[in-house]
Amino acid sequence: MVTIVDYGVGNLASIANMARKAGTDCMISSDPAVIATADRLILPGVGAFDRGMANLEERGLIAVLNERALERKVPVLGLCLGMQLFARSSEEGRRAGLGWIAAANRKFQFDTSGALKVPHMGWNYIEPAQQAALIERLPAEPRFYFVHSYHLQCDDPSDVMCWTTYGYKFASGIHRGNLWGTQFHPEKSHSFGLALLKNFFTQN
(Lines give C-alpha, C1' and ligand atoms only; values in the text may rest on other atoms or scores of the structure.)
Protein backbone atom coordinates (compact mmCIF):
# COMPACT_ATOMS: atom_id res chain seq x y z
CA MET A 1 0.00 0.00 0.00
CA VAL A 2 1.17 3.51 -0.84
CA THR A 3 0.83 5.78 2.19
CA ILE A 4 0.86 9.57 1.98
CA VAL A 5 2.26 10.88 5.25
CA ASP A 6 0.00 13.44 6.92
CA TYR A 7 2.09 15.65 9.18
CA GLY A 8 0.02 18.79 8.87
CA VAL A 9 1.77 20.39 5.89
CA GLY A 10 0.94 19.28 2.39
CA ASN A 11 -1.42 19.14 -0.53
CA LEU A 12 -2.66 15.69 0.46
CA ALA A 13 -5.95 15.41 -1.40
CA SER A 14 -4.40 16.47 -4.72
CA ILE A 15 -1.64 13.88 -4.36
CA ALA A 16 -4.15 11.16 -3.52
CA ASN A 17 -6.31 12.12 -6.50
CA MET A 18 -3.33 11.99 -8.83
CA ALA A 19 -2.32 8.60 -7.40
CA ARG A 20 -5.79 7.24 -8.14
CA LYS A 21 -5.57 8.61 -11.69
CA ALA A 22 -2.32 6.66 -11.96
CA GLY A 23 -4.25 3.51 -11.02
CA THR A 24 -2.77 3.14 -7.54
CA ASP A 25 -4.56 2.58 -4.27
CA CYS A 26 -3.27 4.86 -1.54
CA MET A 27 -4.15 6.14 1.90
CA ILE A 28 -3.43 9.29 3.84
CA SER A 29 -2.29 8.67 7.40
CA SER A 30 -0.53 10.22 10.37
CA ASP A 31 -0.67 6.94 12.34
CA PRO A 32 2.81 5.49 12.97
CA ALA A 33 1.34 1.98 13.00
CA VAL A 34 -0.10 2.45 9.50
CA ILE A 35 3.08 4.05 8.19
CA ALA A 36 5.06 1.11 9.60
CA THR A 37 3.28 -1.25 7.18
CA ALA A 38 3.57 0.93 4.04
CA ASP A 39 5.18 -0.54 0.92
CA ARG A 40 5.85 2.95 -0.46
CA LEU A 41 5.73 6.33 1.20
CA ILE A 42 5.11 9.83 -0.09
CA LEU A 43 6.31 12.66 2.14
CA PRO A 44 4.60 15.80 0.83
CA GLY A 45 5.02 19.31 2.14
CA VAL A 46 4.19 22.95 1.70
CA GLY A 47 5.51 25.50 4.16
CA ALA A 48 8.49 26.16 6.41
CA PHE A 49 11.31 23.71 7.15
CA ASP A 50 11.27 24.07 10.95
CA ARG A 51 7.49 23.71 11.11
CA GLY A 52 7.69 20.56 9.02
CA MET A 53 10.31 18.94 11.26
CA ALA A 54 8.46 20.04 14.39
CA ASN A 55 5.24 18.47 13.12
CA LEU A 56 7.00 15.18 12.36
CA GLU A 57 8.44 15.16 15.87
CA GLU A 58 5.19 16.13 17.59
CA ARG A 59 3.30 13.36 15.79
CA GLY A 60 5.91 10.74 16.65
CA LEU A 61 6.74 10.02 13.03
CA ILE A 62 10.50 10.43 12.81
CA ALA A 63 11.39 7.01 14.22
CA VAL A 64 8.98 5.10 11.99
CA LEU A 65 10.06 7.07 8.91
CA ASN A 66 13.71 6.32 9.67
CA GLU A 67 12.86 2.64 10.10
CA ARG A 68 10.99 2.40 6.79
CA ALA A 69 13.44 4.54 4.79
CA LEU A 70 16.82 3.58 6.24
CA GLU A 71 16.34 0.05 7.58
CA ARG A 72 13.55 -1.50 5.50
CA LYS A 73 14.56 0.47 2.40
CA VAL A 74 11.00 1.03 1.20
CA PRO A 75 10.75 3.54 -1.65
CA VAL A 76 10.13 7.06 -0.34
CA LEU A 77 9.21 10.04 -2.51
CA GLY A 78 9.61 13.52 -1.02
CA LEU A 79 7.71 16.36 -2.69
CA CYS A 80 8.79 20.01 -2.34
CA LEU A 81 9.26 20.58 1.40
CA GLY A 82 9.10 16.81 1.83
CA MET A 83 12.28 16.46 -0.23
CA GLN A 84 13.94 19.34 1.61
CA LEU A 85 13.38 17.52 4.91
CA PHE A 86 15.59 14.68 3.61
CA ALA A 87 18.56 17.05 4.09
CA ARG A 88 20.54 17.74 7.25
CA SER A 89 19.62 21.44 7.50
CA SER A 90 18.11 24.50 5.85
CA GLU A 91 18.93 28.18 5.74
CA GLU A 92 15.22 28.67 6.36
CA GLY A 93 15.42 27.49 9.97
CA ARG A 94 17.45 26.12 12.85
CA ARG A 95 16.18 22.59 13.25
CA ALA A 96 18.07 19.57 11.96
CA GLY A 97 16.50 17.73 9.07
CA LEU A 98 16.08 13.98 8.71
CA GLY A 99 19.64 13.69 7.42
CA TRP A 100 18.85 10.99 4.87
CA ILE A 101 20.77 12.83 2.14
CA ALA A 102 24.08 14.66 2.57
CA ALA A 103 22.68 18.04 1.58
CA ALA A 104 21.55 21.43 2.85
CA ASN A 105 18.82 23.76 1.66
CA ARG A 106 19.90 27.16 0.31
CA LYS A 107 17.82 30.21 -0.45
CA PHE A 108 17.83 31.54 -3.99
CA GLN A 109 20.33 34.41 -4.20
CA PHE A 110 20.24 36.72 -7.20
CA ASP A 111 21.67 40.13 -8.02
CA THR A 112 19.68 43.24 -7.21
CA SER A 113 18.33 43.81 -10.73
CA GLY A 114 15.01 42.30 -9.74
CA ALA A 115 14.62 40.37 -12.99
CA LEU A 116 14.05 37.12 -11.10
CA LYS A 117 11.65 36.92 -8.21
CA VAL A 118 11.69 34.72 -5.13
CA PRO A 119 9.82 32.46 -4.72
CA HIS A 120 10.43 30.64 -7.97
CA MET A 121 6.85 30.08 -9.05
CA GLY A 122 5.39 28.55 -12.20
CA TRP A 123 6.30 26.02 -14.86
CA ASN A 124 9.87 25.06 -15.70
CA TYR A 125 11.77 22.31 -17.48
CA ILE A 126 13.97 19.60 -16.02
CA GLU A 127 17.31 18.38 -17.34
CA PRO A 128 18.21 14.78 -16.40
CA ALA A 129 21.46 14.41 -14.46
CA GLN A 130 21.36 10.61 -14.33
CA GLN A 131 19.37 7.71 -15.67
CA ALA A 132 16.63 7.22 -13.12
CA ALA A 133 13.39 5.25 -13.25
CA LEU A 134 11.39 8.20 -11.92
CA ILE A 135 12.02 10.36 -14.97
CA GLU A 136 11.94 7.70 -17.69
CA ARG A 137 9.23 7.65 -20.38
CA LEU A 138 7.95 11.12 -19.58
CA PRO A 139 6.08 13.12 -22.25
CA ALA A 140 8.31 15.17 -24.53
CA GLU A 141 9.92 18.30 -23.06
CA PRO A 142 8.89 17.51 -19.48
CA ARG A 143 8.00 20.55 -17.43
CA PHE A 144 6.69 20.80 -13.92
CA TYR A 145 5.10 23.27 -11.54
CA PHE A 146 7.30 24.92 -8.89
CA VAL A 147 6.62 27.09 -5.84
CA HIS A 148 9.69 27.50 -3.61
CA SER A 149 12.27 29.90 -2.23
CA TYR A 150 14.83 27.28 -1.16
CA HIS A 151 16.52 24.48 -3.05
CA LEU A 152 18.61 21.46 -2.14
CA GLN A 153 22.39 21.61 -2.52
CA CYS A 154 23.83 18.08 -2.47
CA ASP A 155 27.34 17.33 -1.21
CA ASP A 156 27.59 14.50 -3.74
CA PRO A 157 26.55 15.49 -7.30
CA SER A 158 25.67 11.85 -8.01
CA ASP A 159 22.61 12.30 -5.75
CA VAL A 160 21.14 14.81 -8.22
CA MET A 161 18.51 13.21 -10.45
CA CYS A 162 17.66 16.30 -12.49
CA TRP A 163 18.47 19.98 -12.76
CA THR A 164 16.35 23.04 -13.42
CA THR A 165 17.60 26.51 -14.29
CA TYR A 166 16.20 29.55 -12.54
CA GLY A 167 18.93 32.14 -12.57
CA TYR A 168 21.34 29.23 -12.13
CA LYS A 169 21.11 25.45 -12.16
CA PHE A 170 19.74 23.86 -9.02
CA ALA A 171 18.83 20.29 -8.08
CA SER A 172 15.14 19.91 -8.86
CA GLY A 173 15.16 16.18 -8.19
CA ILE A 174 17.29 13.75 -6.19
CA HIS A 175 17.78 10.01 -6.07
CA ARG A 176 19.83 7.77 -3.80
CA GLY A 177 18.89 4.13 -3.47
CA ASN A 178 15.28 3.94 -2.29
CA LEU A 179 15.06 7.70 -1.74
CA TRP A 180 13.54 9.97 -4.36
CA GLY A 181 12.63 13.62 -4.24
CA THR A 182 11.32 16.42 -6.41
CA GLN A 183 11.36 20.12 -5.69
CA PHE A 184 8.42 20.55 -8.05
CA HIS A 185 4.84 19.42 -7.48
CA PRO A 186 3.92 16.43 -9.68
CA GLU A 187 0.35 16.58 -8.35
CA LYS A 188 0.02 20.01 -10.02
CA SER A 189 1.92 19.11 -13.19
CA HIS A 190 -0.76 17.45 -15.34
CA SER A 191 0.40 14.69 -17.68
CA PHE A 192 4.06 15.14 -16.72
CA GLY A 193 3.36 14.68 -13.03
CA LEU A 194 1.04 11.75 -13.70
CA ALA A 195 3.74 9.95 -15.68
CA LEU A 196 6.33 10.59 -12.96
CA LEU A 197 4.06 9.26 -10.22
CA LYS A 198 3.27 6.16 -12.29
CA ASN A 199 7.02 5.55 -12.49
CA PHE A 200 7.32 5.81 -8.71
CA PHE A 201 4.44 3.42 -8.10
CA THR A 202 5.80 0.77 -10.50
CA GLN A 203 9.60 0.96 -10.16
CA ASN A 204 11.36 -1.74 -8.11
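See the structure above.
Just so it is clear, the structure is predicted and the values come from calculations on it, not from any experiment.

Procedures and definitions
- Residues numbered from 1 in each chain as written.
- Predicted model: local features only at pLDDT ≥ 70, side-chain atom pairs only at ≥ 80, totals over all residues.
- Heavy atoms only, no water.
- Buried < 20%, exposed > 50% of the residue type's maximum accessible area, 1.4 Å probe, protein only.
- Helix = DSSP H or I, 4+ residues; strand = E, 2+ residues; numbered from the N terminus.
- Salt bridge = Lys/Arg side-chain N within 4 Å of Asp/Glu carboxyl O.

**Student:** Help me out: how do you make sense of helix α3 (residues 49–58) in this one?
**Tutor:** Quick reminder: α-helices carry 3.6 residues per turn. Residues three or four places apart thus point the same way. Taken as a whole, α3 has its buried residues at Phe-49, Gly-52, Met-53, Ala-54, Asn-55 and Leu-56. Remark: Gly-60 follows α3 within two positions and exhibits a positive phi of approximately 65°.

**Student:** Sorry, what's going on with the pattern of salt bridges here?
**Tutor:** Where charged atoms from two side chains of opposite charge come close, those side chains can pair. Considering all chains together, one arrives at eleven salt bridges under this definition. Between Asp-6 and Arg-59 there is a salt bridge whose closest N-O contact spans 3.7 Å. One end of the pair, Asp-6, is in the loop between β1 (2–5) and α1 (12–21); the other, Arg-59, is in the loop between α3 and α4 (62–71), with 53 residues separating them in the sequence. According to the relative accessible area criterion, Arg-59 is partly exposed, its value standing at 36%. With a shortest N-O distance of 2.9 Å, Arg-88 and Asp-155 are connected by a salt bridge. Within this pair, whereas Arg-88 is found in the loop between α5 (81–84) and β5 (89–90), its partner Asp-155 is found in the loop between β10 (150–154) and β11 (160–166), the two being separated by 67 residues in sequence. Overall, the relative accessible area of 38% leaves Arg-88 in the partly exposed class. Taken together, the shared-partner salt bridges connect Glu-67, Arg-68 and Arg-72 into one network.

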